[in-house]
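In case you want the letters, here they are:
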Amino acid sequence: MSGKFEGVQAHLKKSNQYMDFIPCTAHSLNLVGNNAVENCSVASMFFEFVQHLYSFCSASTNRWETICGDLKSIDGRTVALKSLSETRWSARAHSTKVLCENYDTILSRLKYLSENMEINKDARNEAQNIIKKMTSLDIAFMTVLWNRVLERFDKTSLKLQEKSLDLSVAVKLLKSLREYVGSIRNNFDDLEKMALSLSKFVSKKYNNEKKRKVIRKLTPDEMIRIEEETNLSGQDKFRVETFIIIMDKLDICLVKRIEQYTDLDKKFGFLTYFKSMTEKEIADMAKNLGEIYPDDLDCEIFPEEMIHFSKLLDEQDEEGKYKMPSALKFLHIIHDNKLNSVFPNVEVAYRLYLCLPVANCSAERAFSNLKRVKNELRSTMKNPRLNALALMTIERSLLKEINTDEIIVEFQKKKRK
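Calculation criteria
- Residues numbered from 1 in each chain as written.
- Predicted model: local features only at pLDDT ≥ 70, side-chain atom pairs only at ≥ 80, totals over all residues.
- Heavy atoms only, no water.
- Helix = DSSP H or I, 4+ residues; strand = E, 2+ residues; numbered from the N terminus.
- Contact = heavy atoms within 4.5 Å.
- Areas by Shrake-Rupley, 256 points an atom, 1.4 Å probe, with all protein chains shown as cover.
- Buried < 20%, exposed > 50% of the residue type's maximum accessible area, 1.4 Å probe, protein only.
- Salt bridge = Lys/Arg side-chain N within 4 Å of Asp/Glu carboxyl O.
- Core = buried A, V, L, I, M, F, W, Y, C linked by side-chain atoms within 4.5 Å.
- Domains from an automatic or database assignment.
- Expected span 1.5 Å × (residues − 1).
- Bend = angle between axes of the 7 residues up to and from the residue.
- Disulfide = S-S within 2.5 Å.
- Axes fitted to C-alpha atoms, helices over the stretch in contact; angles between N-to-C directions.
- Parallel < 35°, antiparallel > 145°, perpendicular 65-115°, else oblique.
- Nonpolar A, V, L, I, M, F, W, Y, C, P; charged D, E, K, R; others polar.
- Patch = residues over 30% accessible without salt bridge, like charges linked within 9 Å, V, L, I, M, F, W, Y side chains within 5 Å.
- Phe/Tyr/Trp six-rings, centres within 6.5 Å; stacked < 30°, edge-to-face > 60°.

The name given to the chain in an unreviewed UniProt entry is Zinc finger MYM-type protein 1-like, with the source organism recorded as Aphis craccivora.

The following block contains the structure:
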């Protein structure tokens, strides 16, 4: 779909030039995270460690109860480690947060398991291997870093999946997320202090400082080259070769994703933020949109309607009701006050804008529900029953409001005959 020259969108545009391709914003954040991890071996090793920790704990009910039985709750909720997922990065955010908040507790309970002679030898050895990784400054630093990054990514992703979200707000969220990532990039020392404070057992040296240096006889050319090279300390080496690479990759990927929405935001964004624009800017943007959709909007009247509509909102906004602008809210004002005849072009423009999808998560949730409805225990189900159950599962919020007592009584009567 994303191929603009030979992809599906290119073929669709041949039949309708007004079609616009919009990548799913929620998926974009997952791809950003994946790219950042794949480009750094230390980041990949960290998430392998998190998955290994979960697998070790979940392999036995005794281990799970010992390590995750009463971990410190987060926001009043009971917490536990989760298995990682390539598509659901909220699972990674949850696991890193639980690990960061309970680092010292998990480490001390692993030490207890490694010293408990009642446990089999393989489990004790595996616990010792996990302890060795957790006491390294590399893993502690990655825990703090990814906890901060993934928490913001997860919160932003959940907001991007809301049905009422419009494209301009989504672009603003992605841009603010990029600025947040940039602020973290300048706080290496603070992150290191937080990593050292996770537990008293965390080493104060990075893994690259612990490696034994190989001493060999050098040629004169090699000696000259080594003298010219900059010798980095273990801290600087980790910062340059790991931390900066991760943060720069996150920044580059976010910029690339934001650019995909920029053109659409330039066309329709003023419909959300026109209250902060001058009359000339509103008129120019409205005229430009009218020229793009000449069959739907009147280029001459539309700019005047937008200026008139902005003045109307100024009169109604005496108490600051529209400090958080929303395109959907503005369209509701037109419909609720029956102003369609006064602002016909404005109403059409908002309908065009709000028909643009921001994410396709709703459709994917429908497929997830389908997996619950049709499983190995219902393999012989026919289409009418499958359609009915799928509809009931997807629209479960409406189903809960229905009084089923009469339906159950009627069903009983039919079965008695």
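Quick look at the overall build of the chain
Along the chain, the regular secondary structure elements total 22 helices and zero strands. The contacts of the chain with a sequence gap of at least 6 include a subset with a gap of at least 24, amounting to 72%. Of the accessible surface of the chain, which amounts to about 25500 Å², a share of 51% is contributed by carbon and sulfur atoms.

Focus: unusual backbone geometry
The phi torsion at Lys338 lies on the positive side, around 55°, for a residue other than glycine. By secondary structure assignment, the location of Lys338 is in the loop between α17 (327-336) and α18 (344-354). With a relative accessible area of 70%, Lys338 lands in the exposed category.

Comments concerning the pattern of salt bridges
In total, this model carries eight salt bridges according to the counting rule given. Between Arg185 and Asp248 there is a salt bridge, with its nearest N and O atoms 2.6 Å apart. Here Arg185, found in helix α9 (residues 167-185), pairs with Asp248, found in helix α13 (residues 234-268); they are 63 residues apart in sequence, far enough to count as distant. Classification of Asp248 as partly exposed rests on a relative accessible area of 27%. A salt bridge links Glu241 to Lys237; the nearest nitrogen and oxygen atoms lie 3.1 Å apart.

Thoughts on the nonpolar core
In this structure, Phe141, Leu145, Trp146, Leu271, Phe302 and Tyr350 are the most contacted members of the largest nonpolar core, which totals 103 residues. Taken domain by domain, this core gets at least three of its residues from each of domain 1 (23-209 + 230-264) and domain 2 (277-355). Setting aside chain neighbours within four positions, we find Leu271 in contact with Leu289, Phe302, Met306, Phe330, Ala349, Tyr350 and Tyr353.

Brief notes about α13
The end-to-end C-alpha separation of α13 is 50 Å, in line with the 51 Å expected for 35 residues at 1.5 Å each. A bend of about 35° at Tyr261 is the largest found in α13.

With respect to the state of the cysteines
Counted under the stated rule, the structure contains zero disulfides. The thiol sulfur of Cys68 is not disulfide-bonded, and the nearest other cysteine sulfur, from Cys57, lies at 4.3 Å.

Focus: the side chain of Ser136
Within the element layout of this structure, Ser136 appears in the loop between α7 (121-134) and α8 (137-160). Residue Ser136 is classed as buried on the basis of its relative accessible area of 4%. Those residues in contact with Ser136 that sit more than four places away from it in its chain are Val202 and Asn207.

Here's the deal with the packing of helix α3 (residues 41-58) against helix α5 (residues 89-101)
Where α3 meets α5, the closest approach of the two axes is 11 Å, and the angle between their N-to-C directions is 80°. With respect to their mutual orientation, α3 and α5 come out roughly perpendicular. Residues Phe46, Phe47, Phe49, Val50 and Leu53 of α3 touch α5, and the partners they reach there are Arg92, Ser95, Thr96 and Leu99. Of the residues contributing to the contact of α3 with α5, the split by class is six nonpolar, two polar and one charged.

With respect to a nonpolar patch on the surface
On the surface, a nonpolar cluster with roughly 350 Å² of combined accessible area is contributed by Met392, Leu399, Ile402 and Ile407. Exposure remark for Ile407: the relative accessible area of 53% places this residue in the exposed category.

Some thoughts on the packing of aromatic side chains
Counting across every chain of the model gives 16 aromatic pairs. On the basis of an interplanar angle of 45° and a centroid distance of 5.9 Å, the ring pair of Phe268 and Tyr293 is categorised as tilted. Residue Phe268 is found in helix α13, and its partner Tyr293 is found in the loop between α15 (279-292) and α16 (302-316); the two are separated by 25 residues along the sequence. An angle of 90° between the planes, with centres 6.4 Å apart, marks the rings of Phe309 and Phe330 as edge-to-face. With Phe309 in helix α16 and Phe330 in helix α17, the pair connects residues that are 21 residues apart, well separated along the chain. Each member of the pair, Phe309 as well as Phe330, carries the same accessibility label: buried.

As for the environment of Leu145
Within the secondary structure, Leu145 is located in helix α8. In this view, Leu145 contacts Ile184, Leu191, Phe243, Ile246 and Met247; residues no more than four positions away in its chain are not counted.

As for the packing of helix α2 (residues 25-38) against α8
In helix packing, the relevant descriptors are the interaxial angle and the interaxial distance, both defined with respect to the helix axes. With their axes 8 Å apart at the nearest point, α2 and α8 run at an angle of 160° to one another. By the angle between their axes, α2 is roughly antiparallel relative to α8. Of α8, the residues touching α2 (which contributes Thr25, Ala26, Leu29, Val32, Ala36 and Val37) are Trp146, Phe153, Thr156, Ser157 and Leu160. Split into classes, the residues belonging to the contact of α2 with α8 amount to eight nonpolar, three polar and no charged.

Some details on the side chain of Arg92
The residue Arg92 is located in helix α5 in this model. Using a relative accessible area of 5% as the deciding quantity, one classes Arg92 as buried.

What to know about the environment of Leu271
Position of Leu271 among the secondary structure elements: in helix α14 (residues 270-273). Sequence separation of Leu271 and Ser168 is 103 residues, and the distance between their C-alpha atoms is 8.9 Å.

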